[in-house]
There are 2 protein chains.
Amino acid sequence: MADITASQASKKPLVFHHLEDSRSQRILWLLEELKVPYELKEYKRIGGRAPKELTAVHPLGKSPVITDNGKTIAESGAIVDYIIKKYDTNKTFAPQTEDEELQYNYWLHFAEGTTMTPLVLLLIFDTASKTVPFFVRPLVNGIFGAINKQYTFPECKKNFGFIEQTLQKQAFFAGDRITAADIQMSFPMEICDRAGVHEQAYPAIYAWRKKMGARPAYQAALQKTSLAYAYKL
Amino acid sequence: MADITASQASKKPLVFHHLEDSRSQRILWLLEELKVPYELKEYKRIGGRAPKELTAVHPLGKSPVITDNGKTIAESGAIVDYIIKKYDTNKTFAPQTEDEELQYNYWLHFAEGTTMTPLVLLLIFDTASKTVPFFVRPLVNGIFGAINKQYTFPECKKNFGFIEQTLQKQAFFAGDRITAADIQMSFPMEICDRAGVHEQAYPAIYAWRKKMGARPAYQAALQKTSLAYAYKL
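Residues numbered from 1 in each chain as written. Chains lettered and ligands numbered in written order. Predicted model: local features only at pLDDT ≥ 70, side-chain atom pairs only at ≥ 80, totals over all residues. Heavy atoms only, no water.

### Some words on the overall build of chain A
Here is the rule: To qualify as a helix, a DSSP run of H or I must reach at least 4 residues; to qualify as a strand, a run of E must reach at least 2; elements of each kind are numbered from the N terminus. Each radius of gyration reported is based on C-alpha atoms, and the globular scaling rule is 2.2 Å times the count of residues to the power 0.38. Per-residue accessibility, obtained with a 1.4 Å probe over protein chains only, is compared with the maximum for each type, and a residue is labelled buried under 20%, exposed over 50%, and partly exposed between these values. Here, Shrake-Rupley sampling with a 1.4 Å probe gives the accessible areas, and only protein chains in the shown set may cover a residue.
A count of helical and extended segments in chain A gives eight helices and four strands. When the helices and strands of chain A are read in sequence order from the N terminus, they spell out α-β-α-β-β-β-α-α-α-α-α-α. Its C-alpha atoms give chain A a radius of gyration of 19 Å, within 12% of the compact-globule value 17 Å for 233 residues. Each principal axis of the C-alpha distribution contributes one length, and for chain A these read about 70 × 45 × 25 Å. Classification of the 233 residues of chain A by burial places 55% in the buried group. Split by element, the accessible area of chain A, about 10800 Å² in all, is 55% carbon and sulfur.

### So, the sheet that holds strand β3 (residues 65-68) of chain B
All names here are of chain B. The cut-off we apply is this: For two strands to be treated as a pair, DSSP must find at least two bridges joining them. Each axis is a line fitted through C-alpha atoms, and for a helix only the stretch in contact is used; angles between axes span 0 to 180 degrees, taken between their N-to-C directions. The contact definition used throughout considers only heavy atoms, calling two residues in contact when any of these lie within 4.5 Å.
Across the sheet, four strands lie side by side as β2-β1-β3-β4; this open sheet has mixed pairing. If you trace the sheet from one side to the other, it starts and ends with β2 (38-43) and β4 (71-74), each paired once. Sheet twist, expressed as the mean angle between neighbouring strand axes with direction ignored, is 20°. Taken together, the three bridges between strand β1 (residues 14-19) and β3 define a ladder with antiparallel strand orientation. Across the sheet, residue Phe16 finds its bridge partner in β3, namely Ile66. The strands touched by helix α2 (residues 25-34) are β1, β2 and β3; relative to β1, the strand with the most contacts, the crossing angle is about 145°.

### Considering helix α6 (residues 180-191) of chain A
All names here are of chain A. Of all twelve residues making up α6, twelve are buried, and the element is well covered by its neighbours. Where α6 is concerned, the buried positions are Ala180, Ala181, Asp182, Ile183, Gln184, Met185, Ser186, Phe187, Pro188, Met189, Glu190 and Ile191. For α6, the elements touching its buried residues are α2 (25-34), α3 (76-87), α4 (98-131), α5 (137-169), α7 (203-213) and α8 (216-224).

### Re the sheet that holds strand β2 (residues 38-43) of chain A
Residues and elements named next belong to chain A. Taken together, the four strands give an open sheet; going across it, the order is β2-β1-β3-β4, and neighbouring strands pair in mixed fashion. Each edge of the open sheet carries a strand with a single partner, namely β2 and β4 (71-74). Sheet twist, expressed as the mean angle between neighbouring strand axes with direction ignored, is 20°. The sheet contact formed by strand β1 (residues 14-19) and β2 spans six bridges and is parallel. Bridge pairing links Leu14 to Tyr38 in β2. Taken strand by strand, α3 contacts β1, β3 (65-68) and β4, and its axis lies near 35° from that of β3.

### What to know about the relation of the copies chain B and chain A
As a reminder, the rule being used: A least-squares superposition brings the copies together, and it is based on the C-alpha atoms of residues with pLDDT no lower than 70 in both.
Superposing chain B onto chain A takes a rotation of 180° plus a shift of 0.0 Å along the axis, which leaves an RMSD of 0.0 Å. On the angle and the small slide along the axis, the relation comes out as a two-fold axis. Among all residues of chain B, the minimum C-alpha distance to the rotation axis is found for B:Gly113, at 2.4 Å. Interface residue correspondence from chain B to chain A reaches 100%, placing this contact among same-surface, isologous pairings.

### Let's talk about the domain arrangement of chain A
All names here are of chain A. Note the threshold: Throughout the structure description, domain borders are defined by an automatic or database domain assignment. When two parts are put together, the accessible area they lose, computed with a 1.4 Å probe and summed over both, is reported as buried area. A pair is scored as a salt bridge if a Lys or Arg side-chain nitrogen falls within 4 Å of a carboxyl oxygen belonging to Asp or Glu. Here a polar contact means two N or O atoms within 3.5 Å. Within protein one must be a hydrogen donor candidate and the other an acceptor candidate, and residues neighboring in sequence count only if both atoms are side-chain atoms. All amino acids are sorted into three groups, where Ala, Val, Leu, Ile, Met, Phe, Trp, Tyr, Cys and Pro are nonpolar, Asp, Glu, Lys and Arg are charged, and the leftover types, Gly among them, are polar.
The domain boundaries assigned to chain A delineate domain 1 (14-87) and domain 2 (98-215). The C-alpha centroid of domain 2 is placed 22 Å from the C-alpha centroid of domain 1. Across the domain 1/domain 2 interface, buried area totals approximately 1200 Å², and carbon plus sulfur atoms make up 59% of it. If you sort the residues of domain 1 by the area they bury against domain 2, Arg23, Arg26 and Trp29 come out on top, with a joint share of 50%. Here Arg26 and Glu112 are joined by a salt bridge, their closest N and O atoms 2.7 Å apart. At the surface where domain 1 touches domain 2, the tally comes to six residue pairs in polar contact (both at pLDDT 80 or more). Residue classes in the side of domain 1 that touches domain 2 are distributed as four nonpolar, four polar and three charged.

### Examining the interface of chain B and chain A
The interface of chain B with chain A comprises 42 residues on the first partner and 42 residues on the second. Across the chain B to chain A interface the summed buried area is about 3700 Å²; carbon plus sulfur atoms make up 67%. In this assembly, chain B and chain A are joined by four salt bridges. The interface formed by chain B and chain A includes twelve residue pairs in polar contact (both at pLDDT 80 or more). When contributions to the side of chain B that touches chain A are tallied by element, the ones reaching two or more residues are β4, α3 (76-87), α4 (98-131) and α5 (137-169) of chain B. Broken down by element, the side of chain B that touches chain A gets its largest block of residues, 17 residues, from α4(B). Among the residues forming the side of chain B that touches chain A, the class breakdown is 22 nonpolar, ten polar and ten charged.

### A closer look at the packing of aromatic side chains
Residue and element names in this part refer to chain A. For the record, the criterion: When two rings of Phe, Tyr or Trp (its six-membered ring) have centres within 6.5 Å they constitute a pair, described as stacked for plane angles under 30 degrees, edge-to-face for angles over 60, and tilted for the intermediate range. Each ring is checked for a lysine NZ or an arginine CZ that lies within 6 Å of its centre and within 35 degrees of its normal; such an atom marks a charge sitting over the ring.
For the coordinates displayed, the defined rule picks out 23 aromatic pairs over all chains. On the basis of an interplanar angle of 80° and a centroid distance of 5.4 Å, the ring pair of Phe173 and Trp208 is categorised as edge-to-face. Note that Phe173 is positioned in the loop between α5 and α6 and Trp208 in helix α7, a separation of 35 residues in sequence. Here a set of aromatic residues connected by ring pairs shows up, and it is made of Tyr106, Trp107, Phe110, Phe162, Phe173 and Trp208. Of note, Lys211 hangs over the ring of Phe172, and the distance from its end group to the ring centre comes to 4.2 Å.

### Describing the nonpolar core
Soluble globular proteins tend to bury their nonpolar side chains together. What counts, and what does not: Here, nonpolar core refers to any group of buried Ala, Val, Leu, Ile, Met, Phe, Trp, Tyr and Cys residues whose side-chain atoms link them within 4.5 Å.
A:Phe160, A:Ile163, A:Ile205, B:Phe160, B:Ile163 and B:Ile205 are the most contacted members of the largest nonpolar core, which has 151 residues in total. Ignoring sequence-local partners within four residues, the contact set of A:Phe160 consists of A:Thr115, A:Leu119, A:Pro188, A:Met189, A:Cys192, A:Val197, A:Tyr202 and A:Ile205.

### Section: the UniProt feature "domain: GST N-terminal" (unreviewed entry) in chain A
Going by this rule: UniProt positions are given in the numbering used here, feature names are shortened, and annotations may be inferred rather than shown by experiment.
Here the UniProt-annotated "domain: GST N-terminal" (unreviewed entry) positions come out as residues 11-91 of chain A. With 27% helix and 25% strand, residues 11-91 of chain A has end C-alpha atoms that lie 24 Å from one another.

This is the structure we're talking about:
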């Protein structure tokens, strides 16, 4: 017993570095779903950007990032993968069948690899438009509008159309039960309104959002941080 | 024996759908490295875009995409993961240790999740700049230049600075031996010149590029396709 107590005392919990208004909120939610013990470190944005302190955690100075068992792990898809493999030994949020695993991996990569690119572009144009002098703003907005018409909106429409089709066929991203792929996909699903995704045209997306937002662990994650939550389901 | 022959005869090889000038070239290379039998289907771009035929393979109509054993698998990181798990049973390109696996997963997600976003932005600005009437081009380039100065170039500098540091410490992305993470990272590494990455400032990146480009399987992949290769290592 003495040994077990010593070992427990020396074992440090996972540290989760949470940046306000950011993609890191889904890791907080995943930790809550799995009831993983963690220490929460919160970071406020300065002038819209991540504070310099985060570069002491990881050279890229971004969040989400976790430190666990002497290792620093960044990149949301890789963090989800790590947490699931290490802490979800009962496979409650991990894929259970070969088919689930294929779909799970697809969406784990798709979230950041495909959906976020046009969504980040929309955000950059929005920010840039607000910072130019007012007298060139119509022209600048015309240029951004042309890129959005040619690239950003059609890409978003294609991506969210495909997501809608998927969620009309099955209740969750990897099949008929919730997995961590749903949590990884939550960030683009939270911000897709700005890309012209509306409830009338995308009913399955909105039904999924309502269902996910009502989960006790999602609500608990909201309560755990004192910082602004970027978007809410 | 009869059963084995029958089973072999009915077993269709993996089909690899390759779009010219695209990120799919790394999957071709990975298949060559692992000597996986595959059927190559080639697709030419029409007006710079993927042809409609690809939507018959996968609703998003993009490449890379593979069909294997009745399944269609898209998203480059997920394809790499699938091929490695199914066909690299000797773990020649798979991670072998826990530490390698952590690094491998990180770069598998980082390639599309982090490096490609600012690189795609550069490509979009470049394309947009060429399509506007010449008399507004200086103004348009001024706006794009401001976004590049504020966001795109600093992001690329941060990302490739971190990659340079990594490759100065170790020979490959996941450690001291090559893994599929190197192949997944090859696309941003091939196009990073356009983001201001030069040999003098990033010697480890250039040394890695030369080493990877000289691999027989990389050269074999180049020979296998009749289509333009986007970039060469």
